[in-house]
Amino acid sequence: MTAICSASLAQQLPRFGRALTAKLRRDLPPDVQLRLPFLTLEVDACDPQYRQLCQAMLCAQQAEDGAPPEVLRLAVCDQRQQPELRPPQLDASVQGQQQLTAAFEAAGMDAHYDATYQSWQFYDPDAATGLQLMRDSQAYPPWERTFPLRNFLHWAYARQGRRLLHAGSLGHHGRGALLAGAGGAGKSGTTLAGILAGLQSVGDDYLLIDPKAARPIAYPLLTMMKQDPAGLARLQIKADPQRFGSLNWQGKYEFALAGLAPDSRAAQLALHAVLLPRITGAARSQIHPASAREVVLALLPNNLQQLPGQMPQGMAVIADLARRLPGYHLALGQDPAEIAATIAQFLEGLPCD
Amino acid sequence: MTFYRIAGPHISWEEFHAEYVVLDLETGRYFNLAAGAALVWTGLLDGLSSQMLAAALALGGAEQLAFEHCLAAMTAARLIVATDATAPTGAAASASDLAAQLLASGTDYRFEAFDDLAELLTADPIHDVQAEAGWPHLPS
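So, how was this worked out
Residues numbered from 1 in each chain as written. Chains lettered and ligands numbered in written order. Predicted model: local features only at pLDDT ≥ 70, side-chain atom pairs only at ≥ 80, totals over all residues. Heavy atoms only, no water. Helix = DSSP H or I, 4+ residues; strand = E, 2+ residues; numbered from the N terminus. Buried < 20%, exposed > 50% of the residue type's maximum accessible area, 1.4 Å probe, protein only. Contact = heavy atoms within 4.5 Å. Areas by Shrake-Rupley, 256 points an atom, 1.4 Å probe, with all protein chains shown as cover. Rg over C-alpha atoms; globule rule 2.2 N^0.38 Å. Pairing = 2+ DSSP bridges. Axes fitted to C-alpha atoms, helices over the stretch in contact; angles between N-to-C directions. Core = buried A, V, L, I, M, F, W, Y, C linked by side-chain atoms within 4.5 Å. Salt bridge = Lys/Arg side-chain N within 4 Å of Asp/Glu carboxyl O. Polar contact = N/O pair within 3.5 Å; in protein donor to acceptor, adjacent residues only side chain to side chain. Lys, Arg positive; Asp, Glu negative; His and termini not counted. Expected span 1.5 Å × (residues − 1). Bend = angle between axes of the 7 residues up to and from the residue. pLDDT = per-residue confidence, 0-100. Phe/Tyr/Trp six-rings, centres within 6.5 Å; stacked < 30°, edge-to-face > 60°.

How do you make sense of the overall build of chain B when you look at a structure like this?
When helices and strands are tallied, chain B shows five helices and six strands. Counting helices and strands in the order they occur from the N terminus, chain B gives β-β-β-β-α-α-α-β-α-β-α. Across the 140 residues in chain B, those meeting the buried criterion constitute 46%. Taking all contacts inside chain B whose residues are at least 6 apart in sequence as the whole, residues at least 24 apart take part in 75%. Of the roughly 6,900 Å² of accessible surface on chain B, a fraction of 55% belongs to carbon and sulfur atoms.

Looking at this structure, how should I read the overall build of chain A?
A count of helices and strands for chain A gives 12 helices and 16 strands. Compactness check: chain A gives a C-alpha radius of gyration of 21 Å against a globular reference of 20 Å for 353 residues, within 12% of the reference. Each principal axis of the C-alpha distribution contributes one length, and for chain A these read about 65 × 45 × 45 Å. Evaluated residue by residue, chain A yields a buried proportion of 59% over its 353 residues.

Just checking my understanding: could you explain the sheet that holds strand 2 (residues 11-16) of chain B for this structure?
In sheet architecture, strand pairing relies on hydrogen bonds along the backbone and comes in two forms, parallel and antiparallel. All names here are of chain B. Taken in spatial order, the four strands make up an open sheet running 2-3-4-6, and their pairing is antiparallel. Where the open sheet ends on each side, the last strands, each with one partner, are strand 2 and strand 6 (109-114). Taking the axes of each pair of neighbouring strands and ignoring which way they run, one obtains an average angle of 15 degrees across the sheet. For strand 3 (residues 19-24) and strand 4 (residues 30-35), the ladder comprises four bridges, and the chain directions are antiparallel. When the bridges of strand 4 are listed, Tyr 20 appears paired with Leu 33. Against the sheet, helix 3 (residues 62-76) makes contact with strand 4 and strand 6, and its axis sits at roughly 25 degrees relative to strand 6, the strand it touches most.

How should I be thinking about the nonpolar core in this particular structure?
One recurring pattern in soluble globular proteins is that nonpolar side chains are buried together. Judged by nonpolar contacts, the single largest core of 35 residues is most densely connected at Leu 165, Leu 178, Ile 209 and Leu 300 of chain A together with Leu 23 of chain B. Counting only elements with at least two residues in this core, the list comes to strand 10 (206-210), strand 14 (269-282), helix 10 (292-306) and helix 11 (311-324) of chain A together with strand 3 of chain B. Formed by 34 residues, the second largest nonpolar core is a distinct cluster that contains Val 32, Trp 155, Leu 164 and Tyr 206 of chain A.

Help me out: how do you make sense of the pattern of salt bridges in this one?
Close approach of charged atoms allows side chains of opposite charge to pair. Within the structure shown, the criterion is met by 14 salt bridges over all chains. Asp 136 of chain A is the salt-bridge partner of Arg 135 of chain A, the closest N and O atoms lying 4.0 Å from each other. A relative accessible area of 34% places Arg 135 of chain A in the partly exposed class. Relative accessible area serves as the criterion here: at 14%, Asp 136 of chain A is assigned to the buried category. The salt bridge involving Arg 323 of chain A is made with Glu 14 of chain B; its shortest N-O contact spans 2.5 Å. Of this pair, Arg 323 of chain A sits in helix 11 while Glu 14 of chain B is found in strand 2, placing the two residues in two different chains.

Where do I start with the sheet that holds strand 1 (residues 32-36) of chain A in this structure?
Residues and elements named next belong to chain A. Strand order in the open sheet formed by six strands is 1-2-3-6-5-4, and the pairing between neighbours is mixed. Since the sheet does not close on itself, it has two edges, and those belong to strand 1 and strand 4 (110-114), each with one partner. The mean inter-strand angle of the sheet, taken between neighbouring strand axes irrespective of direction, is 15 degrees. Inspection of the sheet shows strand 5 (residues 119-124) paired to strand 6 (residues 129-134) by five bridges, in the antiparallel sense. If you follow Tyr 123 over to strand 6, its bridge partner there is Gly 130.

Got a minute to help me understand the environment of Arg 293 of chain A in this structure?
Looking at the element boundaries, Arg 293 of chain A is found in helix 10. The buried category is assigned to Arg 293 of chain A, whose relative accessible area is 10%. Put simply, Arg 293 of chain A and Asp 136 of chain A are 157 residues apart on the chain and 44 Å apart in space, counted from C-alpha to C-alpha. Residues within four places of Arg 293 of chain A in sequence aside, it is in contact with Phe 16, Glu 19, Tyr 20, Val 21, Asn 32, Leu 33, Ala 34 and Arg 110 of chain B. Of note is the side chain of Arg 293 of chain A, whose polar atom sits 2.5 Å from the side chain of Asn 32 of chain B.

Teacher, can you tell me more about unusual backbone geometry here?
Most of the time, phi is negative for any residue but glycine, and the peptide bond is trans. The residue Gln 236 of chain A is not glycine, and still its phi comes out positive at about 55 degrees. Relative to the helices and strands, Gln 236 of chain A resides in the loop between helix 7 (229-234) and helix 8 (241-244). For Gln 236 of chain A, a relative accessible area of 75% gives the class exposed. With a phi angle near 60 degrees, Arg 78 of chain B is a residue other than glycine that sits in the positive phi range. Within the fold, Arg 78 of chain B resides in the loop between helix 3 and strand 5 (80-83).

Which parts of the structure should I look at to understand the side chain of Ser 137 of chain A?
Looking at the secondary structure, you find Ser 137 of chain A in the loop between strand 6 and helix 4 (143-146). A polar contact of 3.4 Å, which involves the side chain of Ser 137 of chain A, links it to the side chain of Gln 138 of chain A.

What am I meant to see in the side chain of Arg 175 of chain A here?
Residues and elements named next belong to chain A. Within the secondary structure layout, Arg 175 lies in strand 9 (residues 175-179). Buried and unpaired, Arg 175 has no salt bridge, with Glu 348 as the nearest side chain of opposite charge at 7.1 Å. Every residue in contact with Arg 175, bar those within four places of it in the chain, is listed here: Leu 170, Ala 270, His 272, Leu 347, Glu 348, Leu 350, Pro 351 and Cys 352.

Looking at this model, I keep getting lost on helix 10 of chain A. Mind explaining?
Spacing of three or four residues puts side chains on the same side of an α-helix, whose turn is 3.6 residues. All names here are of chain A. Compared with an ideal rise of 1.5 Å per residue, which puts 15 residues at 21 Å, helix 10 spans 22 Å between its outermost C-alpha atoms and is within 8% of the ideal. In helix 10, a bend of some 30 degrees at Leu 300 exceeds every other bend along the element, and Pro 301, a proline, comes one to four places later. Burial within helix 10 is extensive, with 12 of its 15 residues counted as buried.

Hey, could you run me through the confidence of the model for chain B in this one?
In regions of low pLDDT, the predicted coordinates are not meant to be interpreted in detail. Residue and element names in this part refer to chain B. Summary statistics for chain B give a mean pLDDT of 77 and a share of 74% for residues scoring 70 or more. Between residues 127-140, whose pLDDT stays under 50, and residues either more than four places distant or in other chains, the model counts 38 contacts. In the predicted assembly, ipTM is 0.80 and pTM is 0.89.

Looking at this structure, I do not really get the packing of aromatic side chains. What am I missing?
Any aromatic ring pair is given by two values, namely how distant the centres are and how the planes are angled relative to each other. Residue and element names in this part refer to chain A. Inspection of the entire model under this criterion finds 17 aromatic pairs over all chains. Ring geometry for Phe 152 and Trp 155: centres 5.7 Å apart, planes at 85 degrees, overall edge-to-face. Of this pair, Phe 152 and Trp 155 both sit in helix 5 (residues 150-159), three residues apart, which is roughly one turn of that helix. We note that Phe 152, like Trp 155, is buried.

When you look at helix 11 of chain A in this model, what are you seeing that I'm missing?
With 14 residues, helix 11 of chain A ought to run about 20 Å at 1.5 Å a step, and its terminal C-alpha atoms sit 20 Å apart, in line with that. Regarding helix 11 of chain A, the residues found buried are Met 311, Gln 313, Gly 314, Met 315, Val 317, Ile 318, Ala 319, Leu 321 and Ala 322 of chain A.

What follows is the structure, encoded as structure tokens:
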């Protein structure tokens, strides 16, 4: 019995990943096909629940004119149903996720191993195919239920020069702002307050940034928003179990943005600023300038930690955003309506293109 | 003369209006360099030696200590390493310009290190080895 050691890591694992992804059947129709921004996602999944998860959580768009987007074909497999697929074993000399990531990136691939759930994800960008290999059909992390196949989309978009970003968003009269900061800074609550007051959004958790446009644009990827019970109470929203279901792994409710405020979903937001929210308990909200460096420090840690691999590209995209978009500290007041009005007035005051 | 170079391709940095965010891609540690620390980084990127900078400054007392402490912190963080080099063309003028800016910043050498990302990255264990043999052993 030989497990893969660090010395053989660079050769064996990428070979295994490519061998697996090459087995994907592209001649048959996929189980799920979704049109996402700049990407058509095709998924083969044995488990019908996982197929439903993709269809429910990922924000499909209407097809646009022009050249069809790149097709990303993914297979979601588990060992119970496909025992012939047996994952690589790693010996103790393999020193961690960074070493794995570096080995795959050096071989022109992306990959991630989740030790808790013993699941692998392999992505071959040359073939635009990927495979998720799980122990059984339910053995995936709880955040996978909120954003299935997140890492694959992260890798595919990064290779396009675009970037998944962990941020909130609000827009008003054609001007959009990102909401950036660590967990608990108030991104989701502020996004929700804005939506309820009539502002638009492309999401409060993950969105897609296209920095290649003349002005950076944010696109929606997810259908659901999240908020904890206290946050809903502040917004005077009753957490009706029929509407909101039960609490997720973070102790938050997940609910469809379209169901809460049907006109709030924006197909895209042209970005004019980055807001850095902070809960202050003050009577009124205040906005004052932040430096580009402060914007980077607000975006960098969460975004590089939660999205494995492609770190240099991530730093470059974040730095580019910080240089092109003015940053502002947003000291949050206590009244959600006042917060939304402050942001709306701020966005209206930004110069138009 | 003690010259320095960036420790390797795993050190990535971005400049924002004469301030820097530096990221160690191997460890995940990232650093905020502002005021005097940013100017020292600029000087090192320009190929200036520490002595050239210090001489141009005619540092003394607290300023000298702050300058040396900043260099030591960057070295200890493995962002820079000492190297054999020669002074680049125009070094004297460059050192003089930077020195003037360094003097204005006084003893304010803002060099902050952040470990939150590094802790999350390095805490990911992958040493679990399953009892059942996996690839490259195929089932019989």
